[in-house]
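Architecture at a glance
Residues per chain are reported as follows:
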Amino acid sequence: MRIDWNAVAKVGIPGVIACFLVYNLAQGFDKFDARLHAVEVQHQTMATHSERTEDLMARTYMANEKLLNVVRQLCVQDAKTLADRRECLKD
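Quick summary incoming for the structure in this document. (Residues numbered from 1 in each chain as written. Predicted model: local features only at pLDDT ≥ 70, side-chain atom pairs only at ≥ 80, totals over all residues. Heavy atoms only, no water.)

Structural notes on the pattern of salt bridges
Throughout the structure, instances matching the rule amount to 2 salt bridges. With a closest N to O distance of 3.2 Å, Asp 55 and Arg 59 form a salt bridge. Of this pair, Asp 55 and Arg 59 both sit in helix α1 (residues 5–78), 4 residues apart, which is roughly one turn of the helix. The class for Asp 55 is partly exposed, based on a relative accessible area of 38%. A salt bridge links Lys 90 to Glu 87, with the nearest nitrogen and oxygen atoms 3.2 Å apart. Classification of Lys 90 by relative accessible area gives exposed; the value is 54%. (Salt bridge = Lys/Arg side-chain N within 4 Å of Asp/Glu carboxyl O. Helix = DSSP H or I, 4+ residues; strand = E, 2+ residues; numbered from the N terminus. Buried < 20%, exposed > 50% of the residue type's maximum accessible area, 1.4 Å probe, protein only.)

Take a look at the structure:
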């Protein structure tokens, strides 16, 4: 980086420092944007996995409900008395 002493004389040392800080800050926006994009991609991935997990849990719940109904039917069919049948259907 070449220093133009005429520009330094016109804006002064504080102006040069301010310009330098603004220049370096502007260079950091690219890094910030890249990190923000990476976070957004990670968030989208997590949301997709969350939806898949929720769907899987719903399917598992439905399968368990079907199995519970089958077990209850088997219990009712195997019950010898009315009280035993009621016990099978109790939640």
